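Here is what each chain is made of, one letter per residue.
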Amino acid sequence: MIIALSAGHNVINNGYFDHGSISPCGRFKEADITRRTVALLKPTLEAMGHTVHDVTPYDQKFYSGGGKSASRKAHEERSRRIKVINPDIYIDIHVNAGGGTGPECLVYSTKSKAYPYARKITNSIAKNTGLTNRRGVKVKPGYWSVTLHPQPSIIVEGAFIDSPGGKDMRVLTPEVYAYSIASCFGEVNDLLTEKRVREICKEEIAKAFRKPDKDKHWADKHLANLIAKGLVIHERRLDDPITRGETLNLLDQITE
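Residues numbered from 1 in each chain as written. Predicted model: local features only at pLDDT ≥ 70, side-chain atom pairs only at ≥ 80, totals over all residues. Heavy atoms only, no water.

**Points about the overall build of the chain**
Here is step 1: Helices and strands together make up the secondary structure of the chain, namely nine helices and nine strands.
Here is step 2: A buried classification covers 50% of the 256 residues belonging to the chain.
Here is step 3: For the chain, the proportion of contacts with a sequence separation of at least 24, taken over those separated by at least 6, is 73%.
Here is step 4: Working note: accessible area of the chain is about 12,400 Å², and carbon and sulfur atoms make up 51% of it. (Helix = DSSP H or I, 4+ residues; strand = E, 2+ residues; numbered from the N terminus. Buried < 20%, exposed > 50% of the residue type's maximum accessible area, 1.4 Å probe, protein only. Contact = heavy atoms within 4.5 Å. Areas by Shrake-Rupley, 256 points an atom, 1.4 Å probe, with all protein chains shown as cover.)

**Some points on the nonpolar core**
Here is step 1: Judged by nonpolar contacts, the single largest core of 36 residues is most densely connected at Leu45, Ile121, Ile154 and Phe185.
Here is step 2: If you list the elements that add at least two residues to this core, you get strand S1 (2-7), helix H1 (30-47), strand S6 (89-96), strand S7 (104-107), helix H3 (115-129), strand S9 (153-160) and helix H6 (174-182).
Here is step 3: For this core, the leading source of residues is H1, giving five residues.
Here is step 4: With residues up to four places along the chain from it excluded, the contact list for Leu45 reads Ile3, Leu5, His50, Val52, Ala182 and Phe185. (Core = buried A, V, L, I, M, F, W, Y, C linked by side-chain atoms within 4.5 Å.)

**Details of the sheet that holds strand S5 (residues 61-62)**
Here is step 1: If you walk across this open sheet you meet the three strands as S3-S2-S5, and the pairing is mixed. Either end of the sheet is taken by a strand with one partner, and the two such strands are strand S3 (16-17) and S5. (Pairing = 2+ DSSP bridges.)

**Quick word on H1**
Here is step 1: The end-to-end C-alpha distance of H1 is 26 Å, a good match for the 26 Å that 18 residues give at a rise of 1.5 Å each.
Here is step 2: Among the 18 residues in H1, 16 count as buried, and that is most of the element.
Here is step 3: At the C-terminal side of H1, Gly49 shows a positive phi close to 105°. (Expected span 1.5 Å × (residues − 1).)

**Here's the deal with the side chain of Ser163**
Here is step 1: Position of Ser163 relative to the elements: it lies in the loop between S9 and helix H5 (167-171).
Here is step 2: For Ser163, a relative accessible area of 5% translates into the label buried.
Here is step 3: With residues near it in sequence (within four places) discarded, Ser163 still touches Gly100, Asp168 and Met169.

**Side note on the environment of Tyr115**
Here is step 1: The topology assignment puts Tyr115 in helix H3.
Here is step 2: Separated by 39 residues in sequence, Tyr115 and Ile154 place their C-alpha atoms 7.8 Å apart.
Here is step 3: Residues contacting Tyr115, with those up to four places away along its chain left out, are Val107, Ser109, Thr110 and Val137.

**Here we look at H6**
Here is step 1: Of all the positions in H6, only Pro174, Tyr177, Ala178, Ser180, Ile181 and Ala182 are classed as buried.
Here is step 2: Each element contacted by the buried residues of H6 is listed here: H1, S6, H3 and S9.

**Describing a nonpolar patch on the surface**
Here is step 1: A contiguous nonpolar surface patch, about 270 Å² in accessible area, is contributed by Leu248, Leu251 and Ile254.
Here is step 2: Residue placement: Leu251 occurs in helix H9 (residues 244-254).
Here is step 3: A residue is classified by how much of its surface remains accessible, and Leu251, at 42% relative accessible area, is partly exposed. (Patch = residues over 30% accessible without salt bridge, like charges linked within 9 Å, V, L, I, M, F, W, Y side chains within 5 Å. Salt bridge = Lys/Arg side-chain N within 4 Å of Asp/Glu carboxyl O.)

**Things to note about the sheet that holds S7**
Here is step 1: Spatially, the six strands line up as an open sheet ordered S4-S1-S6-S9-S7-S8, and their pairing is mixed. With one partner strand each, in any of the chains shown, strand S4 (51-54) and strand S8 (136-139) form the two edges of the open sheet. Within the sheet, the average angular offset between the axes of one strand and its neighbour, ignoring direction, is 25°.
Here is step 2: Direction of pairing for S7 relative to S8: parallel, over a ladder of four bridges. Counterpart to Cys105 in the pairing with S8 is Val137.
Here is step 3: Contacts between H6 and the sheet are confined to S6 and S9, with S6 contributing the most and set at about 145° to the helix. (Axes fitted to C-alpha atoms, helices over the stretch in contact; angles between N-to-C directions.)

**Some points on the packing of H3 against H6**
Here is step 1: In contact at an axis separation of 8 Å, H3 and H6 are set at 135° when each is read in the N-to-C sense. On the basis of the axis angle, H3 is oblique to H6. Read as a crossing pair, H3 and H6 show a hand that is right-handed. In contact with Ile121, Ser124, Ile125, Asn128 and Thr129 of H3, H6 contributes Val176, Tyr177, Tyr179, Ser180 and Ile181.
Here is step 2: Taken together, the residues of the contact of H3 with H6 break down into six nonpolar, four polar and no charged. (Parallel < 35°, antiparallel > 145°, perpendicular 65-115°, else oblique. Left-handed = near helix turned anticlockwise from the far one by under 90°. Nonpolar A, V, L, I, M, F, W, Y, C, P; charged D, E, K, R; others polar.)

So far we have only geometry, and geometry alone does not tell us how the molecule works.
Listed below in structure tokens is the structure:
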């Protein structure tokens, strides 16, 4: 099966990095979660025998103009890549916001070939996290991720980044998120044990964060190593100042 994946957000719109939704404490950012989930999911699906393409235009710059928003142009670039690949299914990975809880998927139509997979994915996430299956599958034909190209597509909202008490993010780790989706496409064969996760994702994460050599940063390898160990979940902001909250987050994780 040919599968296209996209890590929601993770682009630069009008000069600003698109984080997507952010948790109230600032510990979790949607772009971090989706990027790491795709970095885990892609090699897992490939090990299961699928052909997988990551169509995310990581850190690509988009600007509003010509009557189109930067966000629209970013979605059009994803869709351009999807049309070239012509996958059997496209999965756009996100997390939700708005204070709710649980997973849901969005599709173009109940008649779409993506619809049965969307149902499987919501049920799988609910089963593996213990979260309520929010509303199952919703039909949203106006959403760019499912309407800008003809290929069967699913927007997956795995859980809520701002759920009451942070419950959703405690149980929907990128590892669980990736496993829950992968298991809907065949037998995972325990690929996502903790040790195996680190083995299969380290290089994928490094590639996802890698810049051309001329833009290579001295700390890139340290960032990739820490992300692979699960100690930090941040986009590539290697020269930005660290906030007090981010410092406390890191200290809390390494002293557990």
